[in-house]
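Results of the structural survey
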Amino acid sequence: MTTPTIAAKFAVPAQRGAPPAAKEITTKITVRDLDFYYGRAQALQKISLQVPERIVMAFIGPSGCGKSTFLRTLNRMNDVIPGTRVDGEVKIDGRDIYAPGTDVVDLRRRVGMVFQKSNPFPKSIFENVAYGLRINRITANRQELEGRVQQALEGAALWAEVKDRLKLSAFSLSGGQQQRLCIARALAIRPEVILMDEPASALDPIATSKIEELIVDLKKQYTIVIVTHNMQQAARVSDTTAFFLLGKLIEVNPTEKMFTAPDEKTTEDYITGRFG
Amino acid sequence: MTTFTGACTALAISLLLIILLYIAWQGIGSLNLHFLLESPRPVGEGGGIGNAIVGSLVLLMLSSAFGMPIGIAVGIYLSEFGKGRLASLVRFVVDTLTGIPSIVTGVFVYAIIVVPFKHFSALAGGIALAMIMIPIVARTTEEMIKLVPQNLREGALALGAPQWRVTLGIVLPAAASGIATGVMLAVARVSGETAPLLFTAFGSRFFNYYLDQPIASLTVEIYNYAISPYDEWHAQAWAATLVLMSLILAINIVVRFFTRRKF
C-alpha cells in the first residue's frame with residue numbers, strides 16, 4: 001500500500017501537526033530501557049521514550065501490546081497490582097519516579113489519570129471533584145474549594161451542564177458526562193501530566209468528540225499522554241504518536257508523519273489495517 | 001421444574017408466614033401497655049417484660065459496640081490488606097468461629113469473665129454475643145468490600161489518596177449498605193440467642209442499669225416463662241416472643257433506612 005492512501009485515510013488537520021515552534025520545547029517525561037513484568041511474564045521490553053511538555057502524545061497498538069501497562073508505569077499505578085516488577089528508569093522533570101524514597105502519593109498528584117471506564121465515586125458531583133482537593137488539603141476554605149471545583153468543571157467543559165445540580169449523585173450523569181467529570185476530578189488538583197487510558201472507548205461519537213475537543217484544549221496547560229484503540233482519534237488529537245507491538249515500542253514520530261510516512265514497515269501495516 | 005421450584009418457594013415462604021401468624025395469634029392477647037412497661041410480678045398478678053426489653057436492647061448495644069468495629073476491621077483486613085497464608089489462616093479461623101455452638105461461647109465467657117468477677121453481668125452477656133457477631137460481620141464485610149470495583153480504588157489512588165483514605169473514604173462508603181446488611185444479620189442472629197446468655201447475663205426480675213450486674217433479656221425471659229408450669233406465664237412467653245420479633249423487624253427497618261444508597 002502506498003503512502004498517499006494512508007494520508008487520505010488519516011487527514012491530519014493542518015493547524016496542528018508539529019508542536020508549536022515558538023514555545024521552547026522541554027522534555028517532561030524521559031523513559032529509558034524500561035522493562036516491566038507481571039510475575040514472570042514480561043509485558044514491556046526496553047522501552048525508551050521522551051514526552052515533551054505540553055503536547056498530546058498518543059499510544060497506539062493492538063490489544064495486549066503493553067500500551068496501557070506502559071501508561072500506568074508513568075504514575076506507578078501498576079504498584080497496586082501484586083507481583084509486578086519494573087526495571088529501568090522513568091524520569092519526570094529529571095527525577096526518577098522509581099528511585100527509593102519517592103513519594104508515590106505526591107507523584108500521583110502531579111501525574112493525574114483518567115481511566116477507560118469512567119469511575120466516579122459514589123458521591124455527589126461536587127464531592128467527586130472536591131475529593132482530590134480535600135485529601136490533599138489544597139484549599140483553605142469553602143469558598144476557595146467551590147472556586148476550584150467550578151474551575152475544574154469548566155476546564156472539563158462540564159460546568160454549564162451541571163452547575164444547577166452539583167449536589168446530585170455523579171451516577172445521575174450520562175456516560176460522557178461521567179467521563180468528563182472524571183477529567184474534571186483529575187484537573188482539580190492541577191496535575192502537570194494527565195494520563196488517559198482509552199478515555200472515549202466506551203462513549204458514543206458525540207461524547208467522544210467532546211472529549212477530543214477537550215484534550216486538544218487541555219494541551220495548552222498540561223502534558224497529555226493518551227492510549228487509544230482508535231487510530232483516527234490518535235490522528236485527530238495528538239501531536240506525537242508512539243506505536244507499540246508485543247511489548248516493544250516500534251516507532252515514535254510526529255503524528256502527521258506517523259500516519260503518512262511511517263519509518264517502520266510494521267507501523268504502516270498496522271495503520272493500514274493489515275493486522276491488529 | 002418451574003412447578004417444583006415454585007412449590008418449594010411457596011412452602012418456604014408459608015413456613016415463615018405460619019410462624020409469624022401463629023406467634024401473633026398466641027401473643028397478641030397478653031399484649032398491652034402494662035406488659036411492655038412493667039417488670040415481672042409473681043404468677044397471677046400480671047406484670048410485664050419492660051426490664052427484659054431494656055435488657056435486650058442494652059445487650060444488643062453492648063455486643064454491637066464490641067462486635068461491629070472488630071468484625072468490620074477484620075473484614076477490611078481480609079479484603080484490602082490480607083495476602084497469602086496469614087489471610088487464609090485468619091479466614092479459616094473466622095469461619096470456624098462461625099460454626100462454634102453458641103452454648104460453647106456462653107460457657108467460655110462464663111469461664112473467663114463471670115468466674116473471675118464472681119458474678120453474672122450484662123457485660124459478660126454483651127461479650128458473649130459479640131463473639132458470635134464478629135465472624136458474621138467480618139465475612140460479610142469482606143465479601144461486600146470485594147464487590148467494590150477495583151477502578152474506584154484506582155481512581156482515588158490516582159488523585160494522590162493514600163491507601164487508608166481510599167479504604168475509609170471511598171471503599172467503605174461504597175460497601176456501606178452491604179456491610180449494614182451483614183451487621184443486621186448478625187444483630188438479628190444474636191438477638192435470638194438464649195444459650196450464651198444463660199451463663200453470662202443470667203437474667204433478672206428487675207430493671208437494671210448497671211453493666212456489672214445480671215440483666216434480663218427477652219430470650220431468657222421467654223425460656224423461663226415457657227418452661228414454667230403456669231398458663232399465664234405461657235401466654236406472656238408468647239407475647240414476649242411477638243415483642244422480640246417486632247423488635248428485630250424494627251431494628252432492621254431503621255438500619256436500612258439510614259444506610260440506604262444515598263448516591
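As a starting point, this report considers the structure included with it. (Residues numbered from 1 in each chain as written. Chains lettered and ligands numbered in written order. Predicted model: local features only at pLDDT ≥ 70, side-chain atom pairs only at ≥ 80, totals over all residues.)

Along chain A, the regular secondary structure elements total 11 helices and 10 strands. For chain A, the C-alpha radius of gyration of 19 Å lies close to 19 Å, the compact-globule estimate for 276 residues. Considering only C-alpha atoms, chain A reaches an extent of 55 × 45 × 35 Å along its principal axes. Expressed as a percentage of the 276 residues in chain A, the buried residues total 46%. (Helix = DSSP H or I, 4+ residues; strand = E, 2+ residues; numbered from the N terminus. Rg over C-alpha atoms; globule rule 2.2 N^0.38 Å. Buried ≥ 20, exposed ≤ 12 C-beta atoms within 10 Å, placed from the backbone.)

Our focus in this paragraph is the sheet that holds strand S1 (residues 27–38) of chain A. Residue and element names in this part refer to chain A. What the 4 strands build is an open sheet, ordered S2-S1-S4-S5; its pairing is antiparallel. Strand pairing shows two members of the sheet lacking a second neighbour, strand S2 (41–52) and strand S5 (95–96), which therefore form its edges. Pairing between S1 and S2: 8 bridges, direction antiparallel. Its bridge partner lying in S2, Tyr 37 is registered against Gln 42. (Pairing = 2+ DSSP bridges.)

At the interface, 16 residues of chain B touch 26 residues of chain A. Elements with a minimum of two residues in the side of chain B that touches chain A: helix H7 (150–157) and helix H8 (163–191) of chain B. For the side of chain B that touches chain A, a count of residues per class yields 10 nonpolar, 3 polar and 3 charged. (Contact = placed C-beta atoms within 7 Å. Nonpolar A, V, L, I, M, F, W, Y, C, P; charged D, E, K, R; others polar.)

Within a sheet, adjacent strands bond to each other through the backbone by hydrogen bonds, running parallel or antiparallel. Residues and elements named next belong to chain A. As summarised here, the arrangement of the 6 strands in space is S6-S7-S8-S3-S9-S10, forming an open sheet in which the pairing is mixed. At either end of the open sheet lies a strand with only one pairing partner, and these are strand S6 (111–114) and strand S10 (248–254). In this sheet, neighbouring strand axes are inclined to one another by 20 degrees on average, regardless of whether the strands run parallel or antiparallel. When strand S3 (residues 56–60) meets strand S9 (residues 240–245), the two strands line up parallel, connected through 4 bridges. Along S9, the bridge assignment pairs Phe 59 with Ala 242. Running over the sheet, helix H7 (residues 175–188) touches S6 and strand S7 (193–197) and is turned about 175 degrees from S6. (Axes fitted to C-alpha atoms, helices over the stretch in contact; angles between N-to-C directions.)

Our focus in this paragraph is the packing of H7(B) against H8(B). Residue and element names in this part refer to chain B. One can describe the packing of H7 onto H8 by two numbers: an axis separation of 10 Å at closest approach and a directional angle of 150 degrees. Between H7 and H8, the crossing angle belongs to the class labelled roughly antiparallel. Crossing of H7 against H8: the hand is right-handed. Between H7 and H8, the contacting residues are Leu 152, Arg 153, Ala 156 and Leu 157 on the first element and Val 166, Ile 170, Val 171 and Ala 174 on the second. In terms of residue class, the contact of H7 with H8 is built from 7 nonpolar, no polar and 1 charged. (Parallel < 35°, antiparallel > 145°, perpendicular 65-115°, else oblique. Left-handed = near helix turned anticlockwise from the far one by under 90°.)

Ranked by size, the top nonpolar core spans 145 residues in total, and within it A:Ala184, A:Val225 and B:Ala240 carry the most contacts. Of the residues forming this core, the biggest block, 16 residues, is contributed by helix H6 (residues 122–146) of chain B. The contacts of B:Ala240, once residues within four sequence positions are left out, are B:Ile49, B:Ala52, B:Leu218, B:Glu221, B:Ile222 and B:Tyr225. (Core = buried A, V, L, I, M, F, W, Y, C linked by C-beta atoms within 7 Å.)

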